[in-house]
Amino acid sequence: MVNAREYEELLGELDERNGDNVARTDSYLELYARARADGHELPWLLMAHLVSRNAGYLMTDLAGAATRPSMFTKEAFEELFVFLERANYLIFHDAWHHTLLHLLGRSSMDDERTPRFMRDAWRRYEATADAPTAARERGLVVDLVTNEQNLIENRVVKHSRFVRARAMVGFFEAVDREAPIVLPRTTVEIRVGGFAEVARRIRTGERIFDEVLAPRVERDAIF
């Protein structure tokens, strides 16, 4: 069982665990496992781990591509790398904090670091304890995905600093070079197909849950 002191320690490790994509990817899976062992099934954490792994694959490819001749400059590849890093950094910085507050039983407190949307989402989740498990889990996953994608919308995706990065993503999508998200135990091919559109990113999260992680037996096998 995971006790409150362990959750407090994890909350205090936010900056260390947000140091790079490898640390974030490991941390999502560790928190999912710890919460699960304590009787809290939070499938968004497993989904975040899988998406973060895919970000790591892409960032590794970009780092290699920046050293080879290409139609894009080294600086353009570096901007796209930072674009992805910044988005993943902000999502972790937000989600690690308010998810651990929830696990500590403090999600309904008026905490300024937890967005109002997520404070309301956790309250809805807690208020539906008697609802069917599948619907309750999906509702929280969709709320989390919606929150995080809106969090990065203006801070990263539409930020003037990342004009070239956004154009590169659009180019890869237009020429059908966007790789599908790599997920264990499935042949489902999921692409965002419009990263600049917040609704498309949210829909991608919904598809990952609905088509891959929603069945508990499959989620257990993936874990």
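Cut-off values and rules
- Residues numbered from 1 in each chain as written.
- Predicted model: local features only at pLDDT ≥ 70, side-chain atom pairs only at ≥ 80, totals over all residues.
- Heavy atoms only, no water.
- Helix = DSSP H or I, 4+ residues; strand = E, 2+ residues; numbered from the N terminus.
- Expected span 1.5 Å × (residues − 1).
- Buried < 20%, exposed > 50% of the residue type's maximum accessible area, 1.4 Å probe, protein only.
- Arc of directions from axis to C-beta.
- Contact = heavy atoms within 4.5 Å.
- Polar contact = N/O pair within 3.5 Å; in protein donor to acceptor, adjacent residues only side chain to side chain.

J.: So what about helix 3 (residues 21-37)? Which residues, and what values?
T.: If you check helix 3, its first and last C-alpha atoms are 24 Å apart, about what 17 residues at 1.5 Å a residue would give, namely 24 Å. Residues of helix 3 that are buried: Asn21, Arg24, Thr25, Ser27, Tyr28, Leu31, Tyr32 and Ala35. End-on view of helix 3: buried residues confined to an arc of 165°, all on one side of the axis. Opposite the buried face of helix 3, at more than 90 degrees from it, the exposed residues are Val22 and Ala37. Close packing links the buried residues of helix 3 with helix 1 (4-12), helix 2 (14-17), helix 4 (43-65), helix 5 (74-103) and helix 10 (216-222). The backbone nitrogen of Val22 has a side-chain oxygen 3.1 Å away, supplied by the residue at the start of helix 3, namely Asp20.

J.: Could you give me a rundown of helix 1, with the residues and numbers involved?
T.: Buried residues of helix 1: Tyr7, Leu10 and Leu11, and no others. All buried residues of helix 1 fall inside an arc of 100° around its axis, so they share one side. In helix 1, the exposed residues that point more than 90 degrees away from the buried face are Arg5 and Gly12. Here the buried face of helix 1 lies against helix 2, helix 3 and helix 5. With a side-chain oxygen lying 3.1 Å from the backbone nitrogen of Arg5, the N-terminal cap of helix 1 falls on Asn3.

J.: Break down the side chain of Arg24 for me, citing the residues and quoting the values.
T.: Tracing the chain through its elements places Arg24 in helix 3. Beyond its immediate chain neighbours, meaning those up to four positions away, Arg24 contacts Arg17, Asn18, Ser52, Glu85, Asn88, Tyr89 and Phe92.

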